[in-house]
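A closer look at the structure
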Amino acid sequence: MGNEESYPPEICSHFDNEEIKRLGRSFRKLDLDKSGTLSVDEFLALPELQQNPLLGRVIDIFDTDGNGEVDFKEFIMGASHFSVRGDEEQKLKFAFMIYDIDKDGYISNGELFQVLKMMVGDNLREPQLQQLVDKTILLLDRDGDGKISFDEFSAVVRQLEIHKKLVLIL
């Protein structure tokens, strides 16, 4: 994992030294096999995350190198999205990435369906869910291209002040 203070300032810019130390302790506590990386199973060891239907998506976003595990640098960078010092734009981009599964800069009908399915499980039948997805795309898709861009997403989500809820208290 390395020394927390040895990381470049841009990685740790949203955290002070004490917060980095606390994140380091949290990381080491989660790293059950002491491999220096966190697997999905290790994240699931936290009871508060076990019931989160979007945990897999969050881990995918944290895992910037795509190797299926989160190292300390990725952990800090991912956690920075939730810093009280993080800006609104960064938090909106994180929220957008939850839905942009293929990372092409757009939320397609299929991606929105997949993420909402993760969230609602079997509480909605698929035809009902598809109707909800279709209506959402129609409402948010201002340019008529059949998908939601970041600008279209943030125009609506910004009004909901989601960024104020995406905060990690250390």
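Parameters at a glance
Residues numbered from 1 in each chain as written. Predicted model: local features only at pLDDT ≥ 70, side-chain atom pairs only at ≥ 80, totals over all residues. Heavy atoms only, no water. UniProt positions renumbered as here; feature names shortened; annotations may be inferred. Helix = DSSP H or I, 4+ residues; strand = E, 2+ residues; numbered from the N terminus. Phe/Tyr/Trp six-rings, centres within 6.5 Å; stacked < 30°, edge-to-face > 60°. Buried < 20%, exposed > 50% of the residue type's maximum accessible area, 1.4 Å probe, protein only. Salt bridge = Lys/Arg side-chain N within 4 Å of Asp/Glu carboxyl O.

Glancing now at the UniProt feature "domain: EF-hand" (unreviewed entry) in the chain. Look at the UniProt record and you will see "domain: EF-hand" (unreviewed entry) annotated at residues 18-53, 57-85, 87-122 and 128-163. For residues 57-85, the end-to-end C-alpha separation is 23 Å, with 48% helix and 7% strand making up the annotated structure. End C-alpha atoms of residues 87-122 are separated by 35 Å, and the span's content is 67% helix alongside 6% strand.

The subject of this paragraph is the packing of aromatic side chains. Throughout the structure, instances matching the rule amount to seven aromatic pairs. Relative to phenylalanine 72, the ring of phenylalanine 27 lies with its centre 5.3 Å away and its plane at 80°, an arrangement referred to as edge-to-face. Residue phenylalanine 27 is found in helix 2 (residues 17-30), and its partner phenylalanine 72 is found in helix 6 (residues 72-79); the two are separated by 45 residues along the sequence. Among the residues examined, phenylalanine 72 registers a relative accessible area of 1% and is labelled buried.

Although it is not a glycine, lysine 34 adopts a positive phi angle of roughly 55°. On the secondary structure map, lysine 34 appears in the loop between helix 2 and strand 1 (37-38). The phi dihedral of lysine 103 is positive, around 60°, even though this residue is not glycine. Within the secondary structure, lysine 103 is located in the loop between helix 7 (88-99) and strand 3 (106-107). Given the relative accessible area of 61%, lysine 103 is considered exposed.

Moving on, we get to the pattern of salt bridges. Summed over the entire model, instances satisfying the criterion amount to five salt bridges. The closest approach of N and O atoms between lysine 21 and glutamate 18, which form a salt bridge, is 3.9 Å. Taken together, the residues span about one helical turn, with lysine 21 and glutamate 18 both in helix 2 at a distance of three residues. On the basis of relative accessibility, which here comes to 33%, the residue lysine 21 falls in the partly exposed class. Ionic pairing is found between arginine 57 and aspartate 60, a salt bridge with its closest N-O pair at 3.2 Å. Taken as a pair, arginine 57 and aspartate 60 lie in helix 5 (residues 55-62) at a separation of three residues, close to a single helical turn. A relative accessible area of 6% places arginine 57 in the buried class.

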